[in-house]
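Structure at a glance
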Amino acid sequence: MVTGIGCHAKLYDYIGTSGIYGLHGRVLPVSMGVKLGNKELTVIGFGGDGDTFAEGSSHFLHASRYNVDMTMLVHNNQLFALTTGQATPTSPKGFKGKSTPDGFFERALNPLGTALINGASFVARSYALDPKLSELIQQAIKHRGFSLIEIIQPCITFDDTREFVSSHSYQTKHDTTDLQAALKLSQEWSYELDASTKIPMGLFYKQSRAVYTDNIPQLDGPLYKKKHTPNLIKIFDEFY
Amino acid sequence: MSVLNVTIAGAAGSGIAKAAIVLSKALIRKGYYVFNYRDYGSLIRGGHNFNSISISDKPVFSHSDSADFLIAMDKQSLENHSAETVFSHNNLPVAEIIKQLGAPAMVTNSVFLGALFSALKLPLDWLNSSMDSEFGKHADINKQAAARGYEAYSASKKEIFPSNSKAKHMFVSGSEAFGLGAIAAGIDLYIAYPMTPATPVLHFLAAKQKEHDFAAIQLENEIAVVNAALGASYAGANTMVGTSGGGFALMSETLSLQGISEIPLVVYLAQRTGPATGVPTYTAQADMKFAVNAGHGEFPRAVIAPGDPAEAFQRTVEAFYLSRKYGLLSILLSDKHLSESNFTLDKLPALSVKPDRFIAKPSVGYKSYEITKNGISPRAVPGQAIVRGTSYEHDELGHTIEDAPSTVKMVDKRKRKLETLKLEITKLNPIKLYGKSENTIVSWGSTKGAILDALPHMADWQFLQVCYLSPFPAEQVENILNTSSETILVENSSTGQLTDIIAEQTGVRITDKLLKYDARPFMPQDIMKGVKKVIV
Ligand SMILES: Cc1ncc(C[n+]2csc(CCOP(=O)(O)OP(=O)(O)O)c2C)c(N)n1
């Protein structure tokens, strides 16, 4: 497992498995690196919404393109929690945090739409209190390619939206191979929390396509098992 | 020692860099020594570029700005340069030859090379065989162009001195030597984002990846590059990243993650003229303190500064070795002048260390950060055991801690690792002394070439080259400086950064400095005249 920095990342110390407790925002490149180093490992990244969509936004854009065979679980509490409650790119309009005492009025990012447009091959949204989440995570891990699950996970200290999310969300029923339908779903909720809000949950899209390492045969197998015995004399020859 | 300088000048894209390589290779194969300096601007077509080529019967490591022969491919070149013998459109019917041959304008450079060979009374065969290997399927038309240039030149001729050597030499750029070193060290993965003058290593390794079974990849930015490198290295891969100052700055937070996580990492840092975008295709030695100090917090690292391709090759293997053995950040510090110049070597040196992976079969109850006497925690990889890397301060198992005693324990472990490293480095020739005289020139990195070529003309001067900038070989440097009458620092910077490091590490203050910060490398004349001027 690879984690960022934030409340979500405390998970690293709760689960005693192998992994890297990395830097804020850098879950995706570290995870990618682990997978390139040993493609037999199962790699799961854990990031916050601040971590993944703000500090790590450049990596988030490209991870979908690369389609590395890994799973990314984004714990979205719609705020920076560990730094005591500031707005993130997916905070709800009007959010009053310590850095936005008069409310947050920026337009939210659309992370699931962004991932879909850029080629992520497994895109889903779920809710931390949904008992079906664990099954969805298993599905994501089994999927060969870049799997993204946005997990809505209210911060019960700084903005407890549990009741709201429970009462405004619904399970999607659509053809999960239909990109257009998935894109439409991704636009249904703009992270606002008003009476008319409807939050689609479930698997949005799944597609099978080549993963990053498929095109680079030199990355086969755990690289540390390779025994390089370069014939230096021969290599030097072309420089004479 | 006889030296002859040829300058080939023209607009970017007119083939002068290629002509310089063809000429150089034709000569090194006949026992000559050649040094090729490339001067080019930050644009792809147009502007004014030149190559300055020193040809000698003895090893030569530097260029000169006074040319014996000038190939001027355009008007600008005639304005910017001069020489005893000049080849240009004014005295050679180049356009006519190209037209008669029905050849593309691209072979213009070969017409000029033919004329040069004629003026030096050299056999055209030498040039032809070099063209065969350098131009591949375009060799024939270039050879025809060269033959016409050879015939067309009838002005004064001056036979070149003999090479005095039957030995075949290697012709290698600094970049190629770093790449060869990485291959010799058993690289699995090279990751980079393009940035001059580090890019040629990316190109070199990308071209070699299939043949030697490693991958060379490019990611979205330097932050991704260095984080992915740590991830891969954690998984067990021999990993190196490459960049220049700006990209290195972006990597610096992650260098600090390397420090605490102790995941091996090799960084190739090729300096160019800063600050910021600066003079991007030119040289400088102004990022040394940055390399030695980059990253927040305190952690050990190796910063190694090779001075020529032979050292670049050998030190790259050392950088890999140290990074794996110590869970260390190894920085290979180069610059435009070393990386993009071509040098003649008799051969590449033998490896100074064995490029082991240092991956131990872990015992039951493996601890990623085992507290040991020498500070080195045995390395394992995920899949073999629970292996935990972390950016937080941690206990032996890699669990986050915040209490005072545990914090001190881990800091002390890393400090002991540094002490062990310091000891080992004393055995890796961290300094080199050339000549034995009462006065000392102190320098590091790519200035080595110009200094070595100046030294025979400087009675009473020896040259101290500092190869390890961190950990700093304080005792060895101090011993030499304490017995030196006059000491002068030579550095391609405006402040003389090595004097500060020497003062910090040894207490010895060097006040005489010969500095060059016009974005151009030193030439031997600069050293000879400059030292005289500073030391009166
Ligand atoms: C480069 C950097 N900038 C800022 C921080 C401070 N910081 C720590 S956690 C955090 C925000 C975490 O928010 P999020 O990723 O949403 O995770 P959460 O705490 O909400 O789970 C920030 C800004 C940091 N550790 N590193």
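Described in the following lines is the structure provided in the data block. (Residues numbered from 1 in each chain as written. Chains lettered and ligands numbered in written order. Predicted model: local features only at pLDDT ≥ 70, side-chain atom pairs only at ≥ 80, totals over all residues. Heavy atoms only, no water.)

**So, the sheet that holds strand S7 (residues 189-192) of chain B**
All names here are of chain B. The seven strands are arranged S8-S7-S9-S10-S12-S11-S18 in an open sheet whose pairing can be described as mixed. Since the sheet does not close on itself, it has two edges, and those belong to strand S8 (215-218) and strand S18 (468-470), each with one partner. The sheet shows a mean angle of 20° between the axes of neighbouring strands, direction not considered. Both strand S10 (residues 265-271) and strand S12 (residues 329-335) contribute to a ladder of seven bridges, which runs parallel. Residue Tyr 268 lies in a different strand from S12, and its bridge partner there is Leu 332. (Pairing = 2+ DSSP bridges. Helix = DSSP H or I, 4+ residues; strand = E, 2+ residues; numbered from the N terminus. Axes fitted to C-alpha atoms, helices over the stretch in contact; angles between N-to-C directions.)

**A few points about the site of the ligand**
The local shell around the ligand holds 17 residues, among which Cys 7, Asp 49, Gly 50, Asp 51 and Asn 77 of chain A are the closest. The residues that come close to the ligand belong to more than one chain, namely chains A and B. Take Cys 7 of chain A: an N or O atom from its main chain is 2.7 Å from an oxygen atom of the ligand. The side chain of Glu 55 of chain A places a nitrogen or oxygen atom 3.3 Å from a nitrogen atom of the ligand. In isolation the ligand has 580 Å² of accessible area, and contact with the protein removes 77% of it. Looking at the shell around the ligand, its residues break down into six nonpolar, seven polar and four charged. (Near = heavy atom within 4 Å. Polar contact = N/O pair within 3.5 Å; in protein donor to acceptor, adjacent residues only side chain to side chain. Areas by Shrake-Rupley, 256 points an atom, 1.4 Å probe, with all protein chains shown as cover. Nonpolar A, V, L, I, M, F, W, Y, C, P; charged D, E, K, R; others polar.)

**Quick word on the packing of aromatic side chains**
Following the criterion strictly, the structure yields 17 aromatic pairs over all chains and no others. Considering the side-chain rings of Tyr 21 of chain A and Tyr 392 of chain B, the 4.6 Å spacing of their centres and the 50° angle between planes classify their relative orientation as tilted. Taken as a pair, Tyr 21 of chain A in strand S2 (residues 19-21) and Tyr 392 of chain B in the loop between strand S14 (388-390) and helix H14 (404-425) lie in two separate chains rather than in one. Residue classification places Tyr 21 of chain A among the buried positions, given a relative accessible area of 1%. Considering the side-chain rings of Phe 239 of chain A and Phe 204 of chain B, the 6.3 Å spacing of their centres and the 45° angle between planes classify their relative orientation as tilted. Here the residue Phe 239 of chain A occupies a position in the segment after helix H9 (232-237), and Phe 204 of chain B occupies one in helix H8 (residues 199-208), the pair thus bridging two chains. Accessibility classification places Phe 239 of chain A together with Phe 204 of chain B in one group, the buried group. (Phe/Tyr/Trp six-rings, centres within 6.5 Å; stacked < 30°, edge-to-face > 60°. Buried < 20%, exposed > 50% of the residue type's maximum accessible area, 1.4 Å probe, protein only.)

**Side note on the interface of chain B and chain A**
Of the residues lining the interface, 65 residues belong to chain B; the matching set on chain A comes to 45 residues. Looking at the side of chain B facing chain A, the largest losses of area belong to Glu 220, Arg 388 and Tyr 392 of chain B, adding up to 13% of the total buried there. On the surface where chain B and chain A come into contact, there are three salt bridges. The interface formed by chain B and chain A includes 30 residue pairs in polar contact (both at pLDDT 80 or more). At the level of secondary structure, the elements contributing two or more residues to the side of chain B that touches chain A comprise helix H1 (16-28), strand S6 (170-173), helix H7 (174-184), H8, S8, helix H9 (222-234), helix H10 (245-261) and S14 of chain B. A total of eight residues in the side of chain B that touches chain A trace back to one element, the largest contributor, which is H9 of chain B. With three bridges joining them, S2 of chain A and S14 of chain B adopt parallel strand pairing. (Contact = heavy atoms within 4.5 Å. Buried area = accessible area lost by both parts, 1.4 Å probe. Salt bridge = Lys/Arg side-chain N within 4 Å of Asp/Glu carboxyl O.)

**Topic: the pairing of strand S19 (residues 487-491) of chain B**
Residue and element names in this part refer to chain B. Counting buried positions along S19 yields five of five residues, so the element is predominantly enclosed. One ladder, built from three bridges, connects strand S16 (residues 439-443) with S19; its direction is parallel. Across the sheet, residue Val 442 finds its bridge partner in S19, namely Leu 489. Sheet topology places S19 next to strand S20 (residues 512-515); four bridges connect them, and they run parallel. Along S20, the bridge assignment pairs Glu 491 with Leu 515.

**With respect to the packing of helix H2 (residues 27-37) of chain A against H9 of chain B**
At a closest axis distance of 6 Å, the pairing of H2 of chain A and H9 of chain B adopts a crossing angle of 40°. Overall, the two elements H2 of chain A and H9 of chain B adopt an arrangement that is oblique. For the element pair H2 of chain A and H9 of chain B, the recorded crossing hand is right-handed. Facing Pro 29, Val 30, Gly 33, Val 34 and Gly 37 of chain A of H2 of chain A, the residues of H9 of chain B in contact are Ala 224, Asn 227, Ala 228, Gly 231, Ala 232 and Tyr 234 of chain B. Across the contact of H2 of chain A with H9 of chain B, the residue classes tally to seven nonpolar, four polar and no charged. (Parallel < 35°, antiparallel > 145°, perpendicular 65-115°, else oblique. Left-handed = near helix turned anticlockwise from the far one by under 90°.)

**Some thoughts on the sheet that holds strand S17 (residues 461-466) of chain B**
Residue and element names in this part refer to chain B. What the five strands build is an open sheet, ordered S15-S17-S16-S19-S20; its pairing is mixed. One side of each edge strand has no neighbouring strand; the edge strands of this open sheet are strand S15 (431-434) and S20. Each neighbouring strand pair of the sheet contributes to a mean axis angle of 25°, computed without reference to strand direction. Pairing of S16 with S17 involves five bridges; the strand directions are parallel.

Geometric descriptors of this kind do not, in isolation, establish any biological role.
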